[in-house]
Amino acid sequence: MADATTTDAGADWAAWQESWDRQQEWYMPDREERFRIMLDMVEALVGTAPRVLDLACGTGSITARLLARFPDAVSTGVDLDPALLAIAEGTFAGDDRVSFVTADLKDPRWAAGLPYDSYDAVLTATALHWLHSEPLAVLYGQVAGLVRDGGVFMNADHMIDDSTPRINAAERALRHRHMDQAKAAGALDWAEWWQLAAQDPVLAGPTARRFEIYGEHSDGDMPSAAWHAHTLREKGFGEARAVWCSPSDTLLLALK
Ligand SMILES: C[S@@+](CC[C@H](N)C(=O)[O-])C[C@H]1O[C@@H](n2cnc3c(N)ncnc32)[C@H](O)[C@@H]1O
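On a predicted model such as this, the values are computed, not experimentally measured, just so you know.

Focus: the site of the ligand
Taken together, 20 residues sit near the ligand, with Arg-31, Ser-61, Asp-79, Leu-105 and Tyr-214 positioned nearest. One of the backbone nitrogen or oxygen atoms of Leu-105 is found 2.9 Å away from a nitrogen atom of the ligand. Class assignment of the residues belonging to the shell around the ligand gives a composition of twelve nonpolar, four polar and four charged.

Rendered as structure tokens:
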């Protein structure tokens, strides 16, 4: 696999995107569905040529789907992971609709390096659960300042409703049974994917750096969708609610 994704000309970015998507889908088989609804809501609220901030962009998964559907969109990706950003930058090299910024979203000055002061849409997926609710609320205040009036913020992520522990436990048990079956059929998990990246001649250096930065990260407290909606309203959005959910995850939309 590591050989298959690196040629004499450099890394095969399309192959890395593909293997990233498969790895993420092992955790979220409905990942594409949430991206589709996210872009439906972009079109509904800010149109087909939006200026987008892809927050905690990773390999640029949202940006790729955005530009495939809306060729007149522009996107800024921001992330801290040098390996995922290397894949993102390799993928979009030469595309002047896209730029990337390296920043830690917990740094109060993270937005200082962005190329624009405001965005039609700030979009994020499977990332903000890395932050505890206190820094996440601070980040939401900063995001509210970046979204223009009439613009949107959307977050697709794992959000836990503590008031339904038996439902949560049953859902989790079934989800993990399905994951175990997919694993037995050859699916790669997070740790195995990173082992491959570490063996790749191009990604080995940035992968070593990302483990120095993050270590083995631990997740935040993953508050409920109601908490996200309430906090986003408190921080300056006019409306906020779920526009899609699965038994474990929610796509939360906030309108400025
Ligand atoms: C599971 S990946 C998801 C990436 C992408 N949104 C996707 O759906 O494929 C989580 C991303 O959040 C980023 N991230 C987590 N905490 C961050 C922070 N404090 N600052 C910047 N990026 C962060 C990680 O580097 C990683 O790229």
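The discussion continues.
Notes on the side chain of Ser-224
Structurally, Ser-224 is set in the loop between helix H8 (204-214) and helix H9 (225-234). Excluding its chain neighbours within four sequence positions, the residues that come into contact with Ser-224 are Met-159, Ile-160 and Asp-161.

Some words on the nonpolar core
Residues Leu-53, Leu-55, Trp-110, Leu-139 and Phe-153 are the most contacted members of the largest nonpolar core, which totals 29 residues. Mapped by element, the contributors of at least two residues to this core are strand S3 (51-55), strand S6 (119-125), helix H5 (133-146), strand S7 (147-158), H9 and strand S9 (249-255). Apart from the residues lying within four places of it in its own chain, the contact partners of Trp-110 are Leu-53, Leu-55, Val-78, Ala-103, Asp-104, Leu-105, Leu-139, Gln-142 and Leu-146. Core analysis: the next-biggest nonpolar cluster, separate from the first, contains 28 residues, Val-42, Ala-88, Phe-100 and Leu-255 among them.

Focus on unusual backbone geometry
Within the chain, Ala-56 stands out as a residue other than glycine whose phi angle is a positive 55°. With respect to the helices and strands, Ala-56 occurs in the loop between S3 and helix H3 (61-69). Under the relative-accessibility criterion, Ala-56 is labelled buried at 19%. Phi is positive for Met-222, which is not a glycine, with a value near 50°. Checked against the element boundaries, Met-222 lands in the loop between H8 and H9.

Details of the packing of aromatic side chains
One pass over the full model with this rule turns up 14 aromatic pairs. Measuring from centroid to centroid gives 6.3 Å for Tyr-140 and Trp-227, while their planes differ by 35°, and the two rings are tilted. Taken together, the residues span a long stretch of sequence, with Tyr-140 in helix H5 and Trp-227 in helix H9 at a distance of 87 residues. Accessibility expressed as a relative area gives 0% for Tyr-140, which makes it buried. Judged by relative accessible area, which is 22%, Trp-227 ranks as partly exposed. Three or more aromatic residues link up through ring pairs in this structure, and these residues are Trp-16, Trp-20, Trp-130, Trp-190, Trp-193, Trp-194, Phe-211 and Tyr-214. Lying across the ring of Trp-26, Lys-183 places its NZ or CZ 6.0 Å from the centre.

Calculation criteria
- Each chain carries its own residue numbering, running from 1 in the written order of its sequence.
- At least 70 in pLDDT is required for a residue's local features to be given in this predicted model, at least 80 for side-chain atom pairs to be given and counted, and no such filter applies to totals for whole chains, interfaces and linings, which use all residues.
- Neither water nor hydrogens contribute to the side-chain values; these are computed over all heavy atoms in the structure.
- Proximity criterion: a residue is near a molecule or strand once any of its heavy atoms comes within 4 Å of it.
- N or O atoms closer than or at 3.5 Å make up a polar contact, with two conditions inside protein: a donor-capable atom paired with an acceptor-capable one, and, for residues adjacent in sequence, both atoms drawn from side chains.
- Residue polarity is assigned by list, with Asp, Glu, Lys and Arg as charged and Ala, Val, Leu, Ile, Met, Phe, Trp, Tyr, Cys and Pro as nonpolar; anything else, Gly included, falls into the polar class.
- We count a stretch as a helix when DSSP gives it H or I for four or more residues in a row; a strand needs E for two or more, and each element gets its number in order from the N terminus.
- We call two residues in contact when some of their heavy atoms are within 4.5 Å.
- Residues belong to one nonpolar core when they are buried, are Ala, Val, Leu, Ile, Met, Phe, Trp, Tyr or Cys, and are joined through side-chain atoms within 4.5 Å.
- The rule is simple: take the accessible area with a 1.4 Å probe, protein chains only, and divide by the maximum for that residue type; under 20% is buried, over 50% is exposed, in between is partly exposed.
- The rule is short: rings of Phe, Tyr and Trp, with Trp giving its six-membered ring, pair when the centres are within 6.5 Å, and they are stacked under 30 degrees, edge-to-face over 60, tilted in between.
- Only when the NZ of Lys or the CZ of Arg is both within 6 Å of the ring centre and within 35 degrees of the ring normal is a charge said to sit over the ring.

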